[in-house]
Amino acid sequence: MSDVLSCPVTGASGPLPEYPLPRAAECPLAPAPAARELRAEKPITRVRIWNGSTPWLVTRHADQRALLPDPRVSDDDLDPGFPYVNAHRAEIAPVTPRLITNTDAPEHTRLRRTVNGPLMVKRIETMREPVQKIVDELVDRMLDGPHPVDLLQAFALPVPSLVIAELLGVPYADHDFFQRSSSLVLDGAAPPEEARRAGGELASYLDELLRRKSADPGEDVLSEMAGRVRAGEMAHTEAVHMGVAMLIAGHETTATMISLGTIVLLQHPDQLALLRGSDDPKLIANAVDEVLRYLSIVQTGVRRVAKEDIEIGDVVIRTGDGIIFDLHAANWDPEVFPEAERLDITRPARIHQAFGYGPHQCLGQNLARLELQVVYGTLYRRIPTLRLAVPVEELEFDHTGTTYGVHGLPVAW
């Protein structure tokens with residue numbers, strides 16, 4: 001099997017690069033070659049996006065660490081200078097509820113506090129045994145069934161869907177609905193009217209579910225949010241849209257990390273053997289962070305806008321300028337991760353940017369880490385002969401959404 005990451009770094013063409021920068025077809029899991037060149041030569045530079053505007057692109061790890069926590073860097077997508085991902089995002093911004101994804105302190109701080117408790121490390125750690133049970137049962141089902149099998153459908157999607165359903169208190173029987181709707185909301189290539197309809201259907205679904213939880217609460221996050229609504233700590237509409245955001249984010253990204261992580265580990269048999277042969281929780285946790293660093297599946301960049309002039313290095317980012325943080329380029333920064341193109345699960349990788357950084361760092365990162373630790377520590381040990389059932393060149397990669405992934409992952413053993 002050839003290595004899809006064995007591609008050279010090539011230069012960006014033109015005086016002002018178009019963003020997103022094109023990936024090399026022969027290495028679809030690596031950062032765009034032009035992004036790596038810009039990081040070395042122009043780590044903070046102007047790029048042109050779909051609407052002709054020219055936000056700044058930040059590709060160096062240290063610069064991202066300096067700027068993302070800076071209170072002058074805003075997540076307010078109603079600012080005229082905000083660099084929207086596409087026309088659809090620009091169109092829906094004025095009607096999108098104010099959430100943790102598009103507000104700054106103090107509003108962001110208040111909203112985040114309403115859902116932060118259930119996602120803290122100690123609370124999430126209590127889910128390790130239930131997650132292990134889910135993973136073991138799905139592996140049992142695969143082993144008892146025919147193969148080749150699509151790992152994405154048989155395992156990678158069900159694991160986080162079952163986990164987020166249990167955490168939130170969403171009936172797993174509805175998983176086909178919320179998976180399909182979530183995919184449409186995140187699909188940058190979907191017709192805007194379809195994405196809006198899917199988002200509206202998810203909101204209606206969570207609205208009804210929250211009302212039921214308010215009348216008959218359980219031991220789950222939606223019941224806790226319903227309680228906060230009753231206590232006047234958040235509005236019902238805020239709870240609805242927070243639930244939608246958590247439901248979407250809680251399964252799509254983790255499913256992608258399971259499938260893409262499997263591809264990468266199968267391409268690096270020495271690292272897979274090291275992982276498979278260890279029951280050391282620290283090594284497994286480190287392997288998860290290294291794969292997160294290596295893949296950095298958020299492909300549209302973290303988007304922000306400057307609320308004041310910001311001087312950094314020899315660049316001045318002016319008030320109203322858009323800013324895009326290319327997380328993948330930062331995670332392959334050789335100043336922080338020597339030989340960054342090499343997968344090394346013994347590497348101290350915890351300082352990666354895969355979850356972002358600063359006050360808007362991914363709310364669900366503790367849950368994602370736990371799920372991936374259980375999956376990476378179980379799947380390859382229980383199916384030691386796991387292999388791709390088709391050549392890696394025949395896999396169909398999906399680059400249409402906020403994150404990239406594969407449409408399917410046939411595996412055998």
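Small disclaimer: the values here were computed from a predicted structure and weren't measured.

Participant: What is the right way to read the pairing of strand β5 (residues 302–306) from this model?
Facilitator: Looking down a regular strand, the side chains alternate between one sheet face and the other. Burial of β5 is extensive: five of the five residues sit out of reach of the surface. The two faces of β5 match: Val302, Arg304 and Ala306 on one face and Arg303 and Val305 on the other face are all buried. Where strand β3 (residues 73–74) meets β5, two bridges bridge the pair, whose relative direction is antiparallel. Residue pairing for β5: Val73 is matched across the bridge by Ala306. The pairing of β5 with strand β8 (residues 322–325) spans four bridges and is classified as antiparallel. Looking at the pairing, Val302 lines up with Phe325 of β8.

Participant: Honestly, the packing of aromatic side chains in this entry has me stumped. Any pointers?
Facilitator: How two aromatic rings sit relative to each other is set out by the distance from centre to centre and by the angle between their planes. Tallied over the entire structure, the rule returns four aromatic pairs. Each ring, one from Phe82 and one from Tyr84, has its centre 5.4 Å from the other, and the planes form 55 degrees; the classification is tilted. Grouping residues by exposure puts Phe82 and Tyr84 together as buried. In this structure, Arg293 packs its charged tip against the face of Phe337, placed 5.3 Å from the ring centre.

Participant: Where do I start with the pattern of salt bridges in this structure?
Facilitator: Two side chains of opposite charge can pair, provided their charged atoms sit close to one another. Applying the stated criterion across every chain, the model contains 27 salt bridges. The partner of Asp220 in a salt bridge is Lys213, with the nearest N and O atoms 2.9 Å apart. Two residues, Asp289 and Arg350, come together in a salt bridge whose shortest N-O distance is 3.7 Å. Of this pair, Asp289 sits in helix α14 (residues 281–295) while Arg350 sits in the loop between α15 (327–331) and α16 (365–382), and the two are 61 residues apart along the sequence. You can call Asp289 buried: its relative accessible area is 4%. Among the residues examined, Arg350 registers a relative accessible area of 53% and is labelled exposed. One connected set of salt bridges, linked through shared partners, spans Asp76, Asp77, Asp79, Arg98 and Lys307.

Participant: Is there a simple way to think about the sheet that holds β3 in this case?
Facilitator: Paired through their backbone hydrogen bonds, the strands of a sheet run either parallel or antiparallel. With respect to topology, five strands assemble into an open sheet ordered β1-β2-β8-β5-β3, the strand pairing being mixed. For this open sheet the edge positions go to β1 (44–46) and β3, each flanked by a neighbour on one side alone.

Participant: For this particular structure, what's the right way to read helix α11 (residues 221–230)?
Facilitator: Within an α-helix, residues lying three or four positions from one another point in the same direction, as the helix has 3.6 residues per turn. Along α11, the residues classified as buried are Val221, Leu222, Ser223, Met225 and Ala226. Next to the buried residues of α11 lie α4 (107–116), α8 (158–168), α10 (192–215) and α12 (236–267).

Participant: What is the right way to read unusual backbone geometry from this model?
Facilitator: Most peptide bonds take the trans form, and the phi angle of most residues other than glycine is negative. The linkage connecting Tyr19 with the following residue, Pro20, adopts the cis geometry, with an omega of 10 degrees. Mapping Pro20 onto the fold places it in the segment before α1 (33–41). Here His147 and Pro148 are connected by a cis peptide whose omega angle stands at 10 degrees. Tracing the sequence through the fold places Pro148 in the loop between α6 (128–144) and β4 (149–150). Unlike most non-glycine residues, Ser296 shows phi in positive territory, near 45 degrees. The buried category is assigned to Ser296, whose relative accessible area is 2%.

Participant: Sorry, what's going on with the environment of Ala154 here?
Facilitator: Looking at the secondary structure, you find Ala154 in helix α7 (residues 151–156). Taking relative accessible area as the criterion, Ala154 reaches 21% and is therefore assigned partly exposed. Counting along the chain gives 118 residues from Ala154 to Arg36, while the straight-line C-alpha distance between them is 35 Å.

Participant: Honestly, the nonpolar core in this entry has me stumped. Any pointers?
Facilitator: Among soluble globular proteins, nonpolar side chains are generally buried collectively. Core analysis: the biggest nonpolar cluster contains 98 residues, and Phe155 and Leu379 have the highest contact counts within it. The element that contributes the greatest number of residues to this core is α12, accounting for 15 residues. With residues up to four places along the chain from it excluded, the contact list for Leu379 reads Val139, Met142, Leu151, Phe155, Thr262 and Leu386. Ala306, Ile312, Val315 and Ile323 belong to the second-largest nonpolar core, a separate cluster that totals 15 residues.

Participant: How should α8 be read in this particular structure?
Facilitator: Within α8, nine of the eleven residues are buried, leaving the element largely enclosed by the surrounding structure. Within α8, the full set of buried residues consists of Pro158, Val159, Pro160, Ser161, Val163, Ile164, Ala165, Leu167 and Leu168.

Participant: Is there a simple way to think about the side chain of Ser161 in this case?
Facilitator: Along the chain, Ser161 turns up in helix α8. By relative accessible area, Ser161 is classed as buried at 0%. Reaching out from Ser161, the side chain makes a polar contact with the backbone oxygen of Leu157 at a distance of 2.9 Å. Filtering out sequence-adjacent residues up to four positions away, Ser161 remains in contact with Tyr172, Phe178, Gln179 and His251.

Participant: How should I be thinking about the environment of Pro31 in this particular structure?
Facilitator: Structurally, Pro31 can be placed in the segment before α1. A relative accessible area of 1% places Pro31 in the buried class. In sequence terms Pro31 and Ile297 are 266 residues apart; their C-alpha atoms lie 9.9 Å from each other. Look past the residues within four positions of Pro31 in its chain and what remains in contact with it is Arg23, Arg36, His328, Ala329 and Trp332.

The rules behind each value
- Counting starts from 1 at the beginning of each chain's written sequence and moves along it residue by residue.
- Two thresholds apply to this predicted model, a pLDDT of at least 70 for residue-level local features and 80 or more for giving and counting side-chain atom pairs, whereas whole-chain, interface and lining totals are computed over all residues.
- Excluded from the side-chain calculation are hydrogens and water; included are all heavy atoms of the structure.
- Any residue under 20% of the maximum accessible area for its type is buried, any over 50% is exposed, and the rest in between are partly exposed; the area is computed with a 1.4 Å probe on protein chains only.
- Strands are runs of DSSP state E lasting at least two residues, helices are runs of H or I lasting at least four, and both sets are numbered from the N terminus onward.
- Pairing between strands is defined by DSSP: at least two bridges between the two strands are required.
- Two aromatic rings from Phe, Tyr or Trp, using only the six-membered ring of Trp, form a pair when their centres are within 6.5 Å; if the ring planes differ by under 30 degrees the pair is stacked, by over 60 it is edge-to-face, and anything between is tilted.
- Whether a charge sits over a ring comes down to the Lys NZ or Arg CZ being within 6 Å of the ring centre and within 35 degrees of the ring normal.
- We define a salt bridge as a side-chain nitrogen of Lys or Arg found within 4 Å of a carboxyl oxygen belonging to Asp or Glu.
- Any two residues whose heavy atoms approach within 4.5 Å at even a single point are treated as in contact.
- Residues belong to a common nonpolar core when they are buried Ala, Val, Leu, Ile, Met, Phe, Trp, Tyr or Cys residues joined through side-chain atoms within 4.5 Å.
- A 3.5 Å cut-off defines polar contacts: any pair of N or O atoms within that distance qualifies, except that in protein one atom must be a possible hydrogen donor and the other a possible acceptor, and neighbouring residues in sequence count only when both atoms are side-chain atoms.

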